Amino acid sequence: MRGGWHWHFSTSSGLHQLYYDPNIENKNLAQKWLMQAQVSPQAWQFCWALLSPDKVPEIQYFGASALHTKISRYWSDIPSDQYETLKTQLFSQIACFSSGSKMVLTRLCVALASLALNTMPEVWPGAVPEMVRVFQEEGGGVDGRARCLALLELLTVLPEEFQTSRMPQYRKGQVRGALGREWGSVCPLLQQLLRQGDSPGAVKARVLRCLSSWVLLDVPLSESEGLVEDCFTALPDPELFDTAVEAIVNAISQPDSQRYVNTLLKLVPQVLSLQEQLREAVQNGDMETSHGICRIAVALGENHSRALLEQVAHWQGFLALVNMIMFCTGIPGHYPVNETTSSLTLTFWYTLQDDIMSFDCERQAVYLQVYRPVYFQLVDVLLHKAQFPSDQEYASWSSDEKEQFRIYRVDISDTLMYVYEMLGAELLSNLYEKLGRILTNTEQASSWQHTEALLYGFQSIAETIDVNYSDVIPGLIGLLLRININNVQLADTVMFTIGALAEWLADHPVMLSSVLPLVLQALGNPDLSISSVSTLKKICRECKYDLPPYASNIVAVSREVLSKQIHKTSQCMWLMQALGFLLSALHVEEILRNLHSLITPYIQQLEKLADETPNPSNKLAIIHILGLLSNLFTTLDISKQEDESGESTAPPVKTAPLPPGPNPVVVVLQQVFALIQTVLSKWLNDSQVVEAVCAIFEKSVKTLLHDFAPMVSQLSEMLGQMYSTIPQASALDLTRQMVHIFARETDHFPPIKALFELVTSVTLSIFQQGPRDHPDIVDSFMQLQAQALKRKPDLFLSESLDVKAVFHCGLLSLKFPEAPTVKSTCLFFTELLPRCSDVPPVARVVQENGKLLLQAVLEAIGGGSSRSLMEQFAEVLFSLNKHCFPLLTVWLKEALQAQGFPSTRVTTEQKDTFTQQILRERVNKRRMKDIVKEFTLVCRGLHGTEYAAEYCL
């Protein structure tokens with residue numbers, strides 16, 4: 001007993017520190033001690049003492065929480081002969097606190113709920129009826145209202161505690177069934193309390209909360225039908241409105257509720273009866289009420305549209321519900337400032353369309369006759385909602401409100417795109433006619449907002465749908481030219497609309513002369529930076545073979561815009577990519593001439609910066625210039641007449657003839673090579689500058705491929721010097737690209753071989769000094785070695801290459817904590833092992849050291865590496881099995897003989913089974929991965945758990 005009082009006193013002291021001590025360290029210590037106290041054996045003694053009436057609510061709350069912790073997590077510690085006593089004590093405490101602290105009462109109810117869940121249905125089969133009976137009995141000096149509220153709190157937390165409990169799956173099924181049967185006792189009680197005229201508002205609110213909690217258990221909607229209908233009578237009461245909405249929405253959103261079609265049909269008129277209340281709320285600016293009623297209508301429509309559509313005899317009722325949701329979509333006011341309801345409805349329109357289109361052709365035709373006009377109306381409503389407010393009002397919005405409105409418009413755009421699947425070309429014609437009417441009406445001027453919204457509708461569809469067949473696009477472009485663009489938002493949408501029509505313009509190049517002036521003019525406006533640059537890039541990519549007549553003008557405007565520095569860095573890079581596409585379609589002489597005028601100012605600036613002492617300011621300028629060149633060379637490709645997707649953008653007659661001389665990009669790179677070396681010499685210590693230099697060559701190599709050949713020798717030499725002085729991962733990545741493209745070419749093999757051997761030697765010395773601080777270099781090095789083995793395994797025949805040292809670097813790299821590094825290393829080994837048959841130095845190293853590789857892999861599987869990497873390790877095992885089978889048989893036996901390896905949790909029998917499974921699997925890689933996944937779970941003590949079930953999916 002003394003021990004209990006000691007804990008009681010210490011706990012009170014700890015709680016006082018936690019709540020009232022200003023010192024944060026003391027608070028943390030107190031919290032840690034109290035957490036330990038909660039799970040201690042003594043908690044059974046002190047928790048009852050802490051519930052004493054003379055304690056403050058914070059201490060009482062801790063006592064109740066300790067009780068819940070012991071019951072929910074340490075149930076097995078409680079002797080079965082004490083269940084009844086514990087239950088009686090909890091009932092007694094709940095009765096005491098029914099008129100006391102609400103937070104303590106709730107924790108005590110949660111504790112009793114946990115006890116009930118642990119004992120039903122076997123030990124306490126009639127838990128809910130007993131709870132009802134105990135709290136209906138008078139006595140104990142507790143008034144009836146307090147007892148009623150305590151009972152409702154207990155009944156509310158019971159399903160909630162079930163949802164969060166940590167029961168095994170089989171037990172969860174049993175308890176769910178038992179709780180489902182208890183609904184028969186709960187439902188009549190709730191209905192009685194809700195219908196009683198003299199029930200206090202607090203009781204009715206608790207009834208609604210209780211219903212919300214129970215319906216989440218999938219209780220049949222038909223059984224709670226009357227209670228759900230009663231919830232509708234609570235909606236006019238402002239005090240009950242929110243909880244009633246929650247209860248109704250939860251009840252009709254349960255997946256199982258679609259089975260009860262008759263009940264759903266009865267609910268439709270109930271929902272429709274809320275329209276008057278909805279209209280009044282909208283007129284009075286009562287956003288909470290309109291939001292709640294909309295939630296109810298959308299929940300019924302979205303969850304049950306197919307079931308209700310199928311009830312053909314009741315089609316008018318469902319159509320009325322659809323129109324009610326349409327009213328919610330078009331609710332007056334601007335989102336998100338004046339209303340937040342309309343966004344709730346968008347998913348419903350997707351669902352309804354999917355359900356209509358899923359019927360067979362005959363029924364689909366009937367539904368389309370009714371619902372196509374509805375969807376045309378929806379388009380009008382959505383475009384109205386997408387309209388910007390007045391300039392003055394928009395200026396008063398916060399940046400957060402503007403961002404929410406932008407996202408809302410994107411959601412509307414996605415909806416319009418989806419609706420197009422149902423309405424087709426008629427939708428474009430409809431939009432075109434409306435736009436034509438407002439732009440040609442000289443008597444009544446329309447707002448720019450109306451024009452912008454209609455264009456936004458066009459843009460939304462044209463961005464993702466092929467509109468090349470549409471006969472309204474030529475007229476649309478004619479209308480674009482008539483728009484009086486006097487507003488940034490309107491100008492932005494005009495630009496994006498032109499960009500969305502880029503593929504159409506490629507098929508109708510005669511229209512380019514109409515739209516290009518608009519785009520080039522917008523290019524000089526910093527407010528239109530993103531829209532104008534992205535539109536020019538799309539046009540240059542899609543229409544490049546039709547742009548030569550406009551090339552000099554586009555380059556001149558772009559050069560001027562870039563010189564003024566009005567665009568952010570990312571837009572400058574896009575602009576350079578656009579110019580790369582544009583120049584690709586010109587003759588070589590024209591390309592060189594345009595390149596010269598375009599990049600000479602930057603070369604001059606770079607020369608000046610190269611002479612300056614390094615500082616943060618000129619570093620940014622250097623990286624910017626190198627980035628511009630990189631992006632230009634990324635898309636400047638004269639060798640192919642295809643766009644990025646690999647499909648022809650134009651008939652062959654438009655293609656510029658390929659020249660016999662060097663590629664223009666190579667000509668430029670050779671001219672600036674010395675300058676780049678000068679820049680490097682001063683900035684070799686800076687990884688960002690080195691990365692920017694490597695990016696120029698890497699992007700050029702990727703684009704030009706074999707056309708880059710003239711530069712292989714000098715770039716290989718420069719890379720070797722760079723890497724020897726200060727090793728950087730970006731240099732290894734560029735070397736990998738060079739190996740990939742040129743290692744198989746006889747003329748270029750010598751410089752590639754020399755570079756490969758040099759960077760390998762330098763990296764090996766890094767491993768000797770300790771590679772742990774350079775995971776990026778290790779990662780890139782392993783990728784380079786894997787690429788070399790794949791493209792040119794002859795590189796491993798060289799006497800200058802220490803294959804054994806590279807192998808041991810791989811073993812070290814397998815133990816790195818960084819997942820990308822380990823993946824790259826596994827890739828290296830899966831490329832290395834097949835070379836045992838044709839590269840003697842590799843065969844020797846694997847024969848002598850392969851057991852070390854196997855041990856490293858087994859150690860990782862045993863728990864040394866993240867479970868997310870097991871597929872990669874399985875691939876290494878598979879490769880060992882396929883290419884080194886006789887050796888693997890011996891190595892596996894020897895490695896797994898060690899006691900406690902690869903894990904103390906696996907038995908000798910389990911290891912033997914694993915060995916047999918591995919050695920059998922030489923064909924099916926997927927099966928090997930499953931074997932490894934299962935074995936790693938055994939090694940980690942997770943086999944057979946729910947966690948394991950998820951992992952093995």
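Residues numbered from 1 in each chain as written. Predicted model: local features only at pLDDT ≥ 70, side-chain atom pairs only at ≥ 80, totals over all residues. Heavy atoms only, no water.

Participant: Where do I start with the overall build of the chain in this structure?
Facilitator: What the chain contains, in helices and strands, is 45 helices and zero strands. Taken along its principal axes, the extent of the C-alpha atoms in the chain is 105 × 95 × 65 Å. For the chain, the accessible area works out to roughly 42,200 Å², and carbon and sulfur atoms hold 51% of it. Looking at charge distribution, the chain has the averaged site of its 76 positive side-chain charges lying 6 Å from that of its 101 negative ones. (Helix = DSSP H or I, 4+ residues; strand = E, 2+ residues; numbered from the N terminus. Areas by Shrake-Rupley, 256 points an atom, 1.4 Å probe, with all protein chains shown as cover. Lys, Arg positive; Asp, Glu negative; His and termini not counted. Charge placed at Lys NZ, Arg CZ, Asp CG, Glu CD.)

Participant: Sorry, what's going on with unusual backbone geometry here?
Facilitator: One can expect most non-glycine residues to show negative phi and most peptide bonds to be in trans. With an omega of 0°, the peptide bond running from Met-120 to Pro-121 counts as cis. As for its position among the elements, Pro-121 is in the loop between α6 (102-119) and α7 (127-136). Residues Tyr-335 and Pro-336 are joined by a peptide bond in cis, for which omega reads 0°. Residue position: Pro-336 is located in the loop between α16 (315-329) and α17 (346-357).

Participant: What should I look at first to understand the nonpolar core in this one?
Facilitator: Considering soluble globular proteins, one finds that nonpolar side chains tend to be buried as a cluster. The biggest cluster of nonpolar side chains holds 328 residues, and the ones touching the most others in it are Tyr-371 and Phe-697. Excluding anything up to four places from it in sequence, Tyr-371 contacts Leu-309, Phe-318, Leu-319, Val-322, Leu-352 and Ile-356. (Core = buried A, V, L, I, M, F, W, Y, C linked by side-chain atoms within 4.5 Å. Buried < 20%, exposed > 50% of the residue type's maximum accessible area, 1.4 Å probe, protein only. Contact = heavy atoms within 4.5 Å.)

Participant: Please explain the packing of helix α5 (residues 83-97) against α6 as it appears in this structure.
Facilitator: The packing of two helices is summarised by the inter-axis angle and the distance between the axes. Axis separation between α5 and α6 bottoms out at 9 Å; the angle between their running directions is 155°. Between α5 and α6, the crossing angle belongs to the class labelled roughly antiparallel. As α5 runs across α6, the sense of the crossing is left-handed. Across the interface between the two elements, Tyr-83, Leu-86, Lys-87, Leu-90, Phe-91, Gln-93, Ile-94 and Phe-97 from α5 touch Val-104, Leu-105, Leu-108, Cys-109, Ala-111, Leu-112, Leu-115 and Thr-119 from α6. Among the residues making up the contact of α5 with α6, the classes are represented as 13 nonpolar, two polar and one charged. (Axes fitted to C-alpha atoms, helices over the stretch in contact; angles between N-to-C directions. Parallel < 35°, antiparallel > 145°, perpendicular 65-115°, else oblique. Left-handed = near helix turned anticlockwise from the far one by under 90°. Nonpolar A, V, L, I, M, F, W, Y, C, P; charged D, E, K, R; others polar.)

Participant: Please explain the confidence of the model for the chain as it appears in this structure.
Facilitator: The predicted coordinates ought not to be read in detail in places where the model reports low pLDDT. With 91% of its residues at a pLDDT of 70 or more, the chain shows a mean pLDDT of 89. Taken element by element, the chain is modelled with least confidence in helix α45 (residues 946-951), mean pLDDT 43, and with most confidence in α16, mean pLDDT 97. When the criterion is pLDDT under 50, residues 14-21 qualifies, and its contacts beyond four places in sequence or with other chains add up to 19 contacts. In this model residues 641-658 is a low-confidence stretch, pLDDT under 50, and it forms 26 contacts with partners more than four residues away in sequence or in other chains. (pLDDT = per-residue confidence, 0-100.)

Participant: Any chance you could explain the packing of aromatic side chains here in plain terms?
Facilitator: What characterises a pair of aromatic rings is the spacing of the ring centres plus the angle enclosed by the ring planes. Summed over all chains, the structure comprises 22 aromatic pairs. Here the aromatic rings of Phe-388 and Tyr-394 are separated by 5.3 Å at their centres, their planes lie at 85°, and the arrangement is edge-to-face. We note that Phe-388, like Tyr-394, is buried. Members of the aromatic cluster, each reached through a chain of ring pairs, are Tyr-335, Phe-388, Tyr-394, Trp-397, Phe-405, Tyr-408 and Trp-448. Lys-402 extends its terminal NZ or CZ atom over the ring of Tyr-394, reaching a point 4.8 Å from the ring centre. One cation-aromatic arrangement involves Arg-409 over Tyr-456; the distance from NZ or CZ to the ring centre is 4.0 Å. (Phe/Tyr/Trp six-rings, centres within 6.5 Å; stacked < 30°, edge-to-face > 60°. Lys NZ or Arg CZ within 6 Å of the ring centre and 35° of its normal.)

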